[in-house]
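# Coordinate inspection notes
Single-letter residue listing:
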Amino acid sequence: MTEPTVSLPTTDAQWRARLSPDEFRVLRLAGTEAPWSGEYVNTKTEGVYRCRACGEQLFTSDTKFDSHCGWPSFDNAIPGTVKEIEDRSHGMVRTEIRCARCDSHLGHVFRGEQMTEKNTRHCVNSLSIKLDPKI
């Protein structure tokens, strides 16, 4: 799933050298891009979405759906690629999702909204992912 030749940075300085300032803010500092601003909000292109930090395959285009929330949404992650962490920031309890390989922040997962048959919405920052289009 992952490109084996890609080594992971171990320091913030190394991550800053690899990522743009906005990517670093979202991926390494758990920031959020403004709603409706991301390049993948309305994308319908077939392919695989990879972690922008390490290249790990995270989501497939057939799990992407229109949630009308302002961020790309997926009802399933590729098994074993996303880890969940309780997030108590901003005065609420949510479930943060991170890349299981490099521990980069992706967004949050929500359950029980009745938007898909799987009843799950992985709400992901476009800055956290990179589409590898199907050829």
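Residues numbered from 1 in each chain as written. Predicted model: local features only at pLDDT ≥ 70, side-chain atom pairs only at ≥ 80, totals over all residues. Heavy atoms only, no water.

## Thoughts on the overall build of the protein
The condition is simple: For helices the rule is a DSSP run of H or I covering at least 4 residues; for strands it is a run of E covering at least 2, with both sets numbered from the N terminus onward. Two things to know: the radius of gyration comes from C-alpha atoms, and the globule rule equals 2.2 Å times the number of residues to the power 0.38. Only protein chains enter the area calculation, which uses a 1.4 Å probe; residues under 20% of their type maximum are buried, those over 50% are exposed, and those in between are partly exposed. In this analysis, two residues are considered to be in contact whenever any of their non-hydrogen atoms come within 4.5 Å of each other. For accessible areas, the Shrake-Rupley method is used with a probe of radius 1.4 Å. Any residue's cover is judged against the shown protein chains and nothing else. Charge assignment in this entry is limited to Lys and Arg as positive and Asp and Glu as negative, and neither His nor the chain termini are counted. Throughout, a charge is located at the NZ atom of Lys, the CZ atom of Arg, the CG atom of Asp or the CD atom of Glu.
Per the secondary structure count, the protein includes two helices and nine strands. From first element to last, N terminus to C terminus, the protein shows the α and β order α-α-β-β-β-β-β-β-β-β-β. On C-alpha atoms alone, the protein measures out to a radius of gyration of 14 Å, which is about the 14 Å that the 2.2 N^0.38 rule sets for 135 residues. Across the 135 residues of the protein, 48% fall into the buried class. Here the contacts in the protein between residues at least 6 apart in sequence split such that 53% fall between residues at least 24 apart. Accessible area for the protein stands at about 7300 Å²; split by element, carbon and sulfur atoms hold 49% of it. Taken together, the 18 basic and 19 acidic charged side chains of the protein have centroids lying 3 Å from each other.

## Some words on the environment of Gly-31
Of note, Gly-31 is situated in the loop between helix 2 (21-27) and strand 1 (47-51). According to the relative accessible area criterion, Gly-31 is buried, its value standing at 12%. As for Gly-31 and His-122, which are separated by 91 residues in sequence, their C-alpha atoms are 16 Å apart.

## Considering the pairing of strand 6 (residues 94-99)
This is how it is decided: Only strands that DSSP links by at least two bridges are regarded as paired with each other.
Within strand 6, five of the six residues are buried, leaving the element largely enclosed by the surrounding structure. Where strand 5 (residues 82-87) hands over to strand 6, the hairpin turn is made up of six residues, of which His-90 adopts a positive phi near 60°. Note that strand 6 and strand 7 (residues 105-111) share four bridges and pair antiparallel. Each residue of the ladder has a partner; that of Arg-98, found in strand 7, is His-105. The turn linking strand 6 back onto strand 7 is made up of five residues, and Asp-103 within it adopts a positive phi angle of 65°.

## What about the sheet that holds strand 2 (residues 57-60)?
The condition that has to hold: Each axis is a line fitted through C-alpha atoms, taken for helices only over the stretch in contact, and angles between the N-to-C directions span 0 to 180 degrees.
What the three strands build is an open sheet, ordered 2-1-9; its pairing is antiparallel. A strand with exactly one partner marks an edge of an open sheet, and here the two such strands are strand 2 and strand 9 (129-133). Strand-to-strand twist across the sheet, computed as the mean angle between neighbouring axes with direction ignored, equals 30°. Bridge count for strand 1 against strand 2 is three bridges, and the pairing is antiparallel. Of the residues in strand 2, the one forming a bridge with Tyr-49 is Phe-59.

## Looking at unusual backbone geometry
The backbone phi angle of Ala-30 is positive, close to 60°, even though this residue is not glycine. Mapping Ala-30 onto the fold places it in the loop between helix 2 and strand 1. Take Ala-30: its relative accessible area is 34%, and that puts it in the partly exposed class.

## Digging into the nonpolar core
For clarity, the cut-off: Buried Ala, Val, Leu, Ile, Met, Phe, Trp, Tyr and Cys residues form a nonpolar core when they are joined through side-chain atoms within 4.5 Å.
Leu-58 and Phe-59 are the most contacted members of the largest nonpolar core, which totals 22 residues. Counting only elements with at least two residues in this core, the list comes to helix 2, strand 1, strand 2, strand 6, strand 7 and strand 9. When near neighbours in sequence (up to four residues on either side) are disregarded, Phe-59 contacts Val-48, Tyr-49, Phe-74, Asn-76, Ala-77, Ile-78, Val-82, Ile-97, His-122 and Val-124.

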